[in-house]
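Here is how the chains run, residue by residue.
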Amino acid sequence: MRFAIQRDQLLQGVQDVMKAVTSRTTIPILTGIKIVATEEGVTLTGSDSDISIESFIPKEEDGKEIVEVKQTGAIVLQAKFFSEIVKKLPTDTVEIIVENHLQTVIRSGRSEFNLNGLDAEEYPHLPQVEEENVFQIPTDLLKALVRQTVFAVSTSETRPILTGVNWKVENKELTCIATDSHRLALRKAKLQTETEESQSVVIPGKSLTELSKILDDTSEMVHIVITENQVLFKAKHLLFFSRLLEGNYPDTARLIPNESKTDVVVNTKEFLHAIDRASLLAREGRNNVVKFSTVEGSGVEISSNTPEIGKVVEEIQSQSIDGEDLKISFSAKYMMDALKALEGSEIQISFTGAMRPFVIRPMNDDSILQLILPVRTY
């Protein structure tokens, strides 16, 4: 194998696939990056057997030559060293040559590295995905869907299914739900799809976070293919495979209350900053709890009290309060996470009592909601 390539293109490809490479793997060859040179260009692959990422660097793009392949072939190189080397090479072009016995030469300017390669034949094959159920979604919308839900997945392995985000496709609509059983994030989006089939899968939160980091903020379409145990995201020159979590996701629809006893409308930013200030004295220990109560004359009071440190009280104006008076306590962190995920300058919080889950929604937007369970503080 022998090819010359633009360094910045190679580096971008390496950085993308590195997101799937881990040093903690039971299959030694997966600590490497697979490099395949064909007539069309160069393909890089990284995998930890949960996530696999393939990045393709075409021979030319927009009339500019990026890769010159002199001899086709394949090799696996240690990811840690290869990525560091590419980062620090002196010139804009890199030549990679595989000699006999998998010895690999990396040349750039006057610098020359020799790396011992591994046999590419031994690298596990990427999952073969039958492209029957395909739907498309703009990249920026996909990133928003991930950002507005993935923070609510569970970090504990006691219920592995909750470490993923439930994606449900029905009636040409995608619903993404994440919950750790103390809070829930939900976001819906309309889909451009041919199929009328409904599907429900659980994608690991970690996979979605990595995917989101790799995708550029564009409005280009990402094609999504779901099979029994894999999901594939296809963007321009990029394939991202993730395994799905096994098991049934809990039925979250019944958690979301239909009616409410108290509705409060507040300015999102003002409310977020007030919660942030109140949490300053609530960070000690594990509690991080702030109290929220309605005040006569359309205001709400946010307070926090840690006996050994001190207390803080702040009143903010609300646009409107309908229904019964209310005192409730909740985690400041959960509330701030939820507020950061919502778009819009005003939000409505609907309470159904001091010990029942409450729902936060942007005004005039039904596509997104956040639900939080209160904390008992007596």
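Owing to the predicted nature of the structure, the values given are computational and were not obtained by experimental measurement.

**Student:** Would you explain the overall build of the protein chain in this entry?
**Tutor:** Check the secondary structure of the protein chain and you find six helices and 29 strands. With the C-alpha coordinates aligned to their principal axes, the bounding extent of the protein chain is approximately 80 × 50 × 40 Å. Classification of the 378 residues of the protein chain by burial places 50% in the buried group. By sequence separation, contacts in the protein chain at least 24 residues apart represent 66% of the contacts at least 6 residues apart.

**Student:** Whenever I open this one, the nonpolar core confuses me. Can you help?
**Tutor:** In globular proteins that are soluble, nonpolar side chains generally tend to be buried together. Judged by nonpolar contacts, the single largest core of 62 residues is most densely connected at Ile-35, Phe-82, Leu-142, Trp-167, Ile-224 and Phe-233. If sequence neighbours within four positions are ignored, Ile-35 has contacts with Met-1, Phe-3, Val-42, Thr-43, Leu-44, Gly-73, Ala-74, Ile-75, Leu-77 and Phe-82. Counting 30 residues, the second largest nonpolar core, distinct from the first, contains Val-266, Val-290, Val-300 and Phe-351.

**Student:** Could you clarify how one ought to interpret the side chain of Lys-143 in this entry?
**Tutor:** With respect to the element layout, Lys-143 can be found in helix 3 (residues 139–147). Of the residues examined, Lys-143 reaches a relative accessible area of 17% and is grouped as buried.

**Student:** Got a minute to help me understand the sheet that holds strand 22 (residues 289–295) in this structure?
**Tutor:** Picture the strands of a sheet paired through backbone hydrogen bonds; they go either parallel or antiparallel. Ordered in space as 24-23-22-26, the four strands form an open sheet in which the pairing is antiparallel. Taken across any chain shown, the strands that pair with only one partner, and hence form the sheet edges, are strand 24 (310–317) and strand 26 (327–331). The average undirected angle you get between the axes of adjacent strands in this sheet is 25 degrees. In this sheet, strand 23 (residues 299–306) lies alongside strand 22 in antiparallel orientation, the contact comprising five bridges. Looking across to strand 23, one finds that Thr-294 is bridged to Val-300. Packed onto the sheet, helix 5 (residues 268–279) meets strand 22, strand 23, strand 24 and strand 26 and runs at close to 170 degrees relative to strand 24. Strand contacts of helix 6 (residues 332–341): strand 22 and strand 26, with the helix running at about 80 degrees to strand 26, the strand carrying the most contacts.

**Student:** Could you clarify how one ought to interpret the pattern of salt bridges in this entry?
**Tutor:** Pairing between side chains becomes possible if they bear opposite charge and their charged atoms approach one another. Evaluated as defined, the whole model comprises 17 salt bridges. The partner of Glu-343 in a salt bridge is Arg-147, and the shortest N-O contact between them spans 3.4 Å. Residue Glu-343 is located in the loop between helix 6 and strand 27 (346–351), and its partner Arg-147 is located in helix 3; the two are separated by 196 residues in the primary sequence. We note a salt bridge from Arg-183 to Asp-337, for which the minimum N-O separation is 2.8 Å. Within this pair, whereas Arg-183 is found in strand 15 (residues 183–190), its partner Asp-337 is found in helix 6, the two being separated by 154 residues in sequence. Since its relative accessible area comes to 18%, Asp-337 is described here as buried. Here the salt bridges do not stand alone but share partners, grouping Arg-2, Lys-70, Glu-95, Arg-107 and Glu-112 into one network.

**Student:** Teacher, can you tell me more about the sheet that holds strand 25 (residues 320–323) here?
**Tutor:** The sheet built from nine strands is open, its strands ordered 17-13-14-15-29-28-27-21-25 with antiparallel pairing. Each edge of the open sheet is held by one strand with a lone partner, namely strand 17 (199–204) and strand 25. Adjacent strand axes in the sheet meet at a mean angle of 20 degrees when their direction is disregarded. Of the pairings in the sheet, the one linking strand 14 (residues 173–179) to strand 15 comprises seven bridges and is antiparallel in character. Across the sheet, residue Ile-177 finds its bridge partner in strand 15, namely Leu-186. Sheet strands in contact with helix 4 (residues 205–214) are strand 13 (164–170) and strand 17, and its direction is about 75 degrees off that of strand 17. Helix 5 contacts strand 21 (262–267) and strand 27 of the sheet and is inclined by roughly 95 degrees relative to strand 21.

**Student:** Looking at this model, I keep getting lost on the pairing of strand 12 (residues 134–138). Mind explaining?
**Tutor:** Across a regular strand the side chains alternate sides, sitting on one face of the sheet and then on the other. Side-chain alternation along strand 12 places Phe-135 and Ile-137 on a buried face and Val-134, Gln-136 and Pro-138 on a face that remains uncovered. Summarising the sheet, strand 12 and strand 18 (residues 221–226) pair through five bridges and their orientation is antiparallel. Paired with Pro-138 across the strands is Met-221, a residue of strand 18. Pairing of strand 12 with strand 16 (residues 192–193) involves two bridges; the strand directions are antiparallel. Looking across to strand 16, one finds that Gln-136 is bridged to Gln-192.

Conventions we followed
- Along each chain, residues carry numbers from 1 onward, in the same order as the chain's sequence is written.
- Reporting in this predicted model follows two pLDDT cut-offs: at least 70 for local features of residues, and 80 or more for side-chain atom pairs to be given and counted; totals over whole chains, interfaces and linings ignore these cut-offs and use all residues.
- Only hydrogens and water are set aside; all other atoms, that is, all heavy atoms of the structure, feed into the side-chain values.
- Strands here are runs of E lasting at least two residues and helices are runs of H or I lasting at least four, both read from the DSSP assignment and numbered beginning at the N terminus.
- To sort residues, take the accessible area from a 1.4 Å probe on protein chains only and compare it with the maximum for the residue type: under 20% means buried, over 50% means exposed, and anything in between is partly exposed.
- Here a residue-residue contact requires only that any non-hydrogen atoms of the pair lie within 4.5 Å.
- Think of a nonpolar core as a cluster: buried Ala, Val, Leu, Ile, Met, Phe, Trp, Tyr and Cys residues, connected wherever their side-chain atoms sit within 4.5 Å.
- At least two DSSP bridges between two strands are needed for those strands to be called paired.
- Convention adopted: a line fitted to C-alpha atoms gives each axis, helices being fitted over their contacting stretch, and angles between N-to-C directions are expressed from 0 to 180 degrees.
- Salt bridges are counted wherever a side-chain nitrogen of Lys or Arg sits within 4 Å of a carboxyl oxygen of Asp or Glu.

Everything listed here is a matter of coordinates, which is why it stays silent on function.
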